[in-house]
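Chain by chain, the residues run as shown.
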Amino acid sequence: MNFVLKNLSDSEINRIETFYQDFKVANNNTYIRFFAKTEYITVTVYSTNKVMFQGEDAKEEYDMWVNMLAYHEESTKTKTPNFKDYFYPSIGSDEVGTGDFFGPIIVCAYHLKQADVKTYKALNIKDSKRLSDDYILSLGEAIKEIGTYSLLTLHNDKYNQLIERGFNMNKIKAYLHNKAILNLLNKINGNPEIIMDQFTPEKNYFRYLNKEQHVCRNITFLTKAESRYASVALASILARYAFLKHFNVLSKQIGLTLPKGASLKVDEIAAKLIEERGEKCLYDIAKLNFKTFNKAKALLK
Ligand code: MG
């Protein structure tokens with residue numbers, strides 16, 4: 001049977017290697033940094049700071065080191081987070097609604113804690129674009145109860161005002177992301193790493209925020225971050241969840257099912273609304289700087 005010590009420090013590894021120095025056997029395996037063989041055991045030290053004892057006396061040898069190193073198996077069961085891990089504990093930040101003519105823009109910053117990784121693993125967390133609306137609605141309910149988050153909704157009337165004041169979409173996004181992250185940092189302890197699904201070069205992101213008093217600068221910007229980090233996927237799922245809920249409310253208010261995205265169907269519905277209720281009715285439910293608005297008006301001519 002194999003007995004393994006994991007996550008040892010370099011000095012602990014050195015102690016073990018020194019102890020078995022006289023029994024060292026050369027090896028060519030790049031993953032094995034040290035190998036020793038006595039009459040009753042073999043000792044393999046891996047480059048990942050893991051040590052394996054095998055052979056007749058493996059258990060005795062393992063027990064001896066557990067004592068000498070005051071090694072606690074329990075504490076090593078939670079492995080040290082690695083930035084390459086999908087479930088890397090961090091704050092993820094993402095937005096939705098920026099491609100939809102109807103409906104608000106929603107930004108979410110979500111904190112994924114190490115202690116909750118198991119819970120998230122049991123849920124089917126992935127890129128929200130690959131999940132159905134129904135699944136997002138039920139998943140959203142679940143993840144709201146697990147982690148701490150900040151969710152910001154920019155309603156259409158406010159969006160249209162900002163556009164009139166000369167904001168562009170990226171500046172609006174930068175403003176909302178910064179605000180959501182600052183809100184979230186106020187709610188939690190510590191300073192976890194922040195990962196943002198990148199929508200503009202880093203330099204531009206901070207340029208958009210140059211008039212803001214408080215700017216969080218400690219951010220890792222990554223494209224396709226939603227599929228690389230669960231924290232960003234969670235932010236995106238929760239933002240999408242809030243968007244869908246909001247969209248349903250808008251549809252009810254208007255009295256017809258509004259289509260998502262921007263397409264001919266969206267142009268037609270917008271045209272119908274303009275014809276029946278006047279242009280003004282779109283101000284509170286749509287993003288008027290989209291081409292859709294002009295296309296809809298053109299359809300009426
Ligand atoms: Mg995104």
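No experiment lies behind these values; they were computed from the predicted model shown. (Residues numbered from 1 in each chain as written. Predicted model: local features only at pLDDT ≥ 70, side-chain atom pairs only at ≥ 80, totals over all residues. Heavy atoms only, no water.)

So what exactly am I meant to see when it comes to the sheet that holds strand β9 (residues 219-222) here?
Pairing between the strands of a sheet comes from backbone hydrogen bonds, and it takes one of two forms, parallel or antiparallel. Across the sheet, five strands lie side by side as β7-β6-β5-β8-β9; this open sheet has mixed pairing. Each of the sheet's edge strands pairs with one partner strand only, and the pair in question is β7 (148-154) and β9. Taking each pair of neighbouring strands and ignoring which way they run, the sheet shows an average axis angle of 20°. Pairing of strand β5 (residues 90-96) with strand β8 (residues 194-197), which is carried by three bridges, proceeds in the parallel orientation. Looking at β8, one finds that I91 is bridged to I194. (Pairing = 2+ DSSP bridges. Helix = DSSP H or I, 4+ residues; strand = E, 2+ residues; numbered from the N terminus. Axes fitted to C-alpha atoms, helices over the stretch in contact; angles between N-to-C directions.)

Whenever I open this one, the coordination of the magnesium ion confuses me. Can you help?
When a metal holds four donors in a tetrahedron, each ideal angle between them is 109.5 degrees; when it holds six in an octahedron, the ideal angles are 90 or 180 degrees. For the magnesium ion, the protein coordination sphere consists of D94 (OD) and D197 (OD), at 2.1 to 2.2 Å. Of this pair, D94 sits in strand β5 while D197 sits in strand β8; the two residues are 103 residues apart in sequence, bridging distant segments of the chain. Among the residues examined, D94 registers a relative accessible area of 3% and is labelled buried. (Donors = N, O, S within 2.8 Å, 3.2 Å for Na, K, Ca; no water. Buried < 20%, exposed > 50% of the residue type's maximum accessible area, 1.4 Å probe, protein only.)

Explain helix α11 (residues 264-277) here, please?
An α-helical segment advances 3.6 residues per turn. Residues three or four places apart therefore align on the same side. In this model, α11 (14 residues) spans 20 Å end to end at C-alpha, consistent with the 20 Å of a helix rising 1.5 Å per residue. Among all positions in α11, only V266, D267, I269, A270, A271, L273 and I274 are buried. A positive backbone phi angle near 90° is found at G278, which sits one or two residues after α11. (Expected span 1.5 Å × (residues − 1).)

Honestly, the sheet that holds strand β2 (residues 32-37) in this entry has me stumped. Any pointers?
Strand order in the open sheet formed by four strands is β1-β4-β3-β2, and the pairing between neighbours is antiparallel. Edge positions in the sheet fall to β1 (3-5) and β2, since each of these pairs with one other strand and no more. Taken over all neighbouring pairs, the strand axes of this sheet differ in orientation by 15° on average, direction set aside. Lying on the sheet, helix α1 (residues 10-19) is in contact with β1, β2, β3 (42-46) and β4 (51-54); it crosses β2 at an angle near 30°. Helix α2 (residues 58-68) contacts β1 and β4 of the sheet and is inclined by roughly 20° relative to β1. (Contact = heavy atoms within 4.5 Å.)

Explanation requested: the pattern of salt bridges in the structure shown.
Side-chain pairing between opposite charges can occur once the charged atoms of the two side chains come close. Following the criterion strictly, the structure yields eight salt bridges and no others. Among the ionic pairs, K260 bridges to D133, the shortest N-O distance being 3.3 Å. Here K260 is found in the loop between α10 (230-254) and α11, whereas its partner D133 is found in helix α5 (residues 133-144), with 127 residues between them in sequence. Judged by its relative accessible area of 30%, D133 falls in the partly exposed class. (Salt bridge = Lys/Arg side-chain N within 4 Å of Asp/Glu carboxyl O.)

Would you explain helix α7 (residues 169-187) in this entry?
Between its terminal C-alpha atoms α7 stretches 27 Å, which fits the 27 Å expected from 19 residues at 1.5 Å a residue. Considered for burial, the residues of α7 that qualify are M169, I172, K173, A174, L176, H177, N178, A180, I181 and L184. Where α7 starts, the residue carrying a side-chain oxygen 3.0 Å from the main-chain nitrogen of N170 turns out to be N168. (Polar contact = N/O pair within 3.5 Å; in protein donor to acceptor, adjacent residues only side chain to side chain.)

Explain the nonpolar core here, please?
Taken as a class, soluble globular proteins show a tendency for nonpolar side chains to be buried jointly. Among the nonpolar cores identified, the biggest contains 73 residues, and F101, F102 and L282 are the most heavily contacted of them. Looking at this core, the element that brings in the most residues is α10, giving 14 residues. Apart from the residues within four sequence positions on either side, F101 is in contact with N156, G261, V266, A270, L282, I285, A286, K287, L288, F290, T292 and F293. Among the nonpolar cores identified, the runner-up in size contains 18 residues, and F3, F34, V43 and Y71 belong to it. (Core = buried A, V, L, I, M, F, W, Y, C linked by side-chain atoms within 4.5 Å.)

Just checking my understanding: could you explain the environment of Q54 for this structure?
Within the element layout of this structure, Q54 appears in strand β4. The sequence separation of Q54 and M1 amounts to 53 residues, and the corresponding C-alpha distance is 6.3 Å. Residues contacting Q54, with those up to four places away along its chain left out, are M1, N2, Y40, I41, T42 and T44. Only 3.0 Å separates the side chain of Q54 from the side chain of N2, close enough to count as a polar contact.

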